[in-house]
Amino acid sequence: MIDLTLNNGVTLPALGLGVFQSPPEQTAAAVRAALEAGYRHIDTAEAYRNEREVGAGLRQSGVPRDDVFLETKVWVSDYGYDQTLHAFDKSAGKLGVDTLDLLILHQPVPSRFATVLAAYRALETLLADGRVRAIGVSNFMPHHLDALLAETSIVPAVNQIEVHPYFAQRDVQRANAAHGVLTQAWSPIGGITFYPGWGDGKRSALDGETIGAIAAAHDVSPAQVMLRWGIQQGRSVIPKSVNPARIAQNIDVFGFELTGDEIARIDALETGVRGGPDPDQPRDAFFDVVIDEA
Ligand code: A2P
């Protein structure tokens, strides 16, 4: 495993388990399988509605809590200073932990920047109090990041964004790097490209010819090629799986190396087409979730 160092000195394993769309009834087993396979980094979110099961899987695994880099996200319905402090309490309670390794704002809400700012100030308070070890954002485009940086003093440690071979958001990655913000890739094996209604259902990065040929050359799977591509480019990657064999396969990406030519061929798959929602239009059907649990 490769460790990455955040802008405040905190380190994290580059590869973690994602649990977006992991059904709650399968999430504890997936987390346990991941920890047994050697994962020490789990990414969840209040909006995924499976934090409780992530915590259960962590405890069932027997792996000490402090050995695991645990991150979650504050949902937009909890933005605001007091609301976001309360969101930390809710998430920590569901996960069954006292502190979080990383807490991030799930997405910008450009039309309500004041509440985004208030939420970020709550993250700064949690950081100062030692209740979180690092703070960050998700789905922020450069203009969202610039607006935040203009009003705050603590640079986010992480910006978690959609990055896969078909949509790598190079401009966002460059802006992140310029400010010392680590790019963390959600949907790093392009899972977003085959969710019904989100991609066109046919252009799954896992089935692409270029990635298939590179995978065959290294005797690995297409998923492993995409994860290796992300890691070799310095990103944190958080592939989602609830299948124990695929969970184990996805962390087995440290025994081969892509050549510069292979990386260039993968880079050239860029379509410019987003799989997920446009962060400037965040209130689309999927993300219009209101979390009202106490
Ligand atoms: P499953 O949970 O059944 O394994 P992403 O994180 O890029 O969005 O990708 C997640 C999707 O890719 C999920 O549908 C997941 O399904 C599937 N997946 C995860 N790992 C692999 C793998 N190694 N090979 C093929 N599909 C995978």
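Computed from a prediction, not measured in an experiment: that's the story for all the values here.

**Details of the site of the ligand**
Taken together, 18 residues form the shell around the ligand, and within it Ser187, Gly191, Ala223, Lys240 and Ser241 come nearest. A total of three residues in the shell around the ligand trace back to one element, the largest contributor, which is helix 9 (residues 244–251). Looking at the shell around the ligand residue by residue, the classes come out as seven nonpolar, nine polar and two charged.

**Considerations on the UniProt feature "active site" (unreviewed entry) in the protein chain**
In the numbering adopted here, UniProt assigns the feature "active site" (unreviewed entry) to Tyr48. Topologically, tyrosine 48 is positioned in the loop between strand 4 (41–43) and helix 2 (51–61). Once residues lying within four places of it in the same chain are set aside, the contact partners of tyrosine 48 are Val19 and Phe20.

**Looking at the packing of helix 2 against helix 3 (residues 81–95)**
Remark: helix 2 packs on helix 3, axes separated minimally by 7 Å, with the N-to-C direction vectors making an angle of 40°. In terms of their interaxial angle, helix 2 and helix 3 are classed as oblique. Touching Glu51, Arg52, Val54 and Gly55 of helix 2 are Ser91, Lys94 and Leu95, all from helix 3.

**Here we look at the pairing of strand 6 (residues 102–105)**
Burial along strand 6 is two-sided: Leu102 and Ile104 facing one way and Leu103 and Leu105 facing the other are all buried. For strand 5 (residues 69–74) and strand 6, the ladder comprises four bridges, and the chain directions are parallel. When the bridges of strand 6 are listed, valine 74 appears paired with leucine 105. Considered for its hand, the β-α-β crossover made up of strand 6, helix 4 (residues 113–128) and strand 7 (residues 135–138) is right-handed.

Criteria and thresholds
- Residues numbered from 1 in each chain as written.
- Predicted model: local features only at pLDDT ≥ 70, side-chain atom pairs only at ≥ 80, totals over all residues.
- Near = placed C-beta within 6 Å.
- Helix = DSSP H or I, 4+ residues; strand = E, 2+ residues; numbered from the N terminus.
- Nonpolar A, V, L, I, M, F, W, Y, C, P; charged D, E, K, R; others polar.
- UniProt positions renumbered as here; feature names shortened; annotations may be inferred.
- Contact = placed C-beta atoms within 7 Å.
- Axes fitted to C-alpha atoms, helices over the stretch in contact; angles between N-to-C directions.
- Parallel < 35°, antiparallel > 145°, perpendicular 65-115°, else oblique.
- Buried ≥ 20, exposed ≤ 12 C-beta atoms within 10 Å, placed from the backbone.
- Pairing = 2+ DSSP bridges.
- Right-handed = clockwise from strand over helix to strand, strands pointing away.

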